[in-house]
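Letter by letter, the chains look like this.
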Amino acid sequence: MKARAFFFALFALSMAGCAQTAPSSNASGATTLHVEIQDDVHDQTLFNDDVTVDVQAETLADFLEHAPALDAVLEDGAYGKTIMGLKGVETESFDKGPWWMYTSSNNDACQKTGVCDACSSLPIENGDAFTFTFSDTY
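Residues numbered from 1 in each chain as written. Predicted model: local features only at pLDDT ≥ 70, side-chain atom pairs only at ≥ 80, totals over all residues. Heavy atoms only, no water.

Asker: Kindly report on the side chain of Asp 128, identifying the contributing residues and their values.
Answerer: Along the polypeptide, Asp 128 turns up in the loop between α3 (108-113) and β7 (129-135). Of the side chains bearing the opposite charge, Lys 112 lies closest to the buried Asp 128, which forms no salt bridge; the N-O distance is 11 Å. When near neighbours in sequence (up to four residues on either side) are disregarded, Asp 128 contacts Thr 32, Leu 33, His 34, Asn 106, Asn 107 and Pro 123. (Helix = DSSP H or I, 4+ residues; strand = E, 2+ residues; numbered from the N terminus. Buried < 20%, exposed > 50% of the residue type's maximum accessible area, 1.4 Å probe, protein only. Lys, Arg positive; Asp, Glu negative; His and termini not counted. Salt bridge = Lys/Arg side-chain N within 4 Å of Asp/Glu carboxyl O. Contact = heavy atoms within 4.5 Å.)

Structure below.
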């Protein structure tokens, strides 16, 4: 009888452990941002939609690197990764421009400092919205 009770208790504990380690509804690891891409040089909207990547992206650079629909070109620089191109529109000369810039109306880090940090160090959360602008002025 004690052996039966022991195995029942062991079974109950193993089932409780399984219940605790089951993935939560947010464990898919996906990240969704709203992305608007403006080309001010040619006065065009290149993209304006939600984008979901299949990883839990921690930074804006992580997100861009996993979003093939955005055709992001990133370059390592002294202050982290720099966006050199989106949707086939690229900065040809970093000294002369035009350049890619971005803002966010709801990203916590951008709102706290009033400016968005380098994309490789900018933390993001699901639901953040970013506007990327290709411009020859800043």
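So that's the structure; there's more coming.
Asker: Before we move on, could you go through the nonpolar core and cite the residues and values that matter?
Answerer: The tendency in soluble globular proteins is for nonpolar side chains to be buried as a group. Formed by 26 residues in total, the largest nonpolar core has its most connected members in Val 35, Leu 60, Phe 63, Leu 70, Tyr 102, Phe 130 and Phe 132. Mapped by element, the contributors of at least two residues to this core are β1 (31-39), β2 (44-53), α2 (60-65), β4 (80-86), β6 (99-104) and β7. A per-element tally of this core places α2 first, with 4 residues. Aside from chain neighbours lying at most four places away, what touches Val 35 is Phe 47, Asn 48, Asp 49, Val 51, Phe 63, Leu 70, Phe 130 and Phe 132. (Core = buried A, V, L, I, M, F, W, Y, C linked by side-chain atoms within 4.5 Å.)

Asker: Account for the packing of aromatic side chains, with residues named and values stated.
Answerer: Per the counting criterion, the structure on display carries 3 aromatic pairs. Aromatic pair Trp 100 and Phe 134: ring centres 5.0 Å apart, planes at 40°, arrangement tilted. Residue Trp 100 is located in strand β6, and its partner Phe 134 is located in strand β7; the two are separated by 34 residues in the primary sequence. Like Trp 100, the residue Phe 134 is buried in the burial classification. With centroids separated by 5.7 Å and ring planes inclined at 45°, the aromatic side chains of Tyr 102 and Phe 132 adopt a geometry described as tilted. One end of the pair, Tyr 102, is in strand β6; the other, Phe 132, is in strand β7, and 30 residues separate them in sequence. Residue Tyr 102 shares its accessibility class with Phe 132, and that shared class is buried. (Phe/Tyr/Trp six-rings, centres within 6.5 Å; stacked < 30°, edge-to-face > 60°.)

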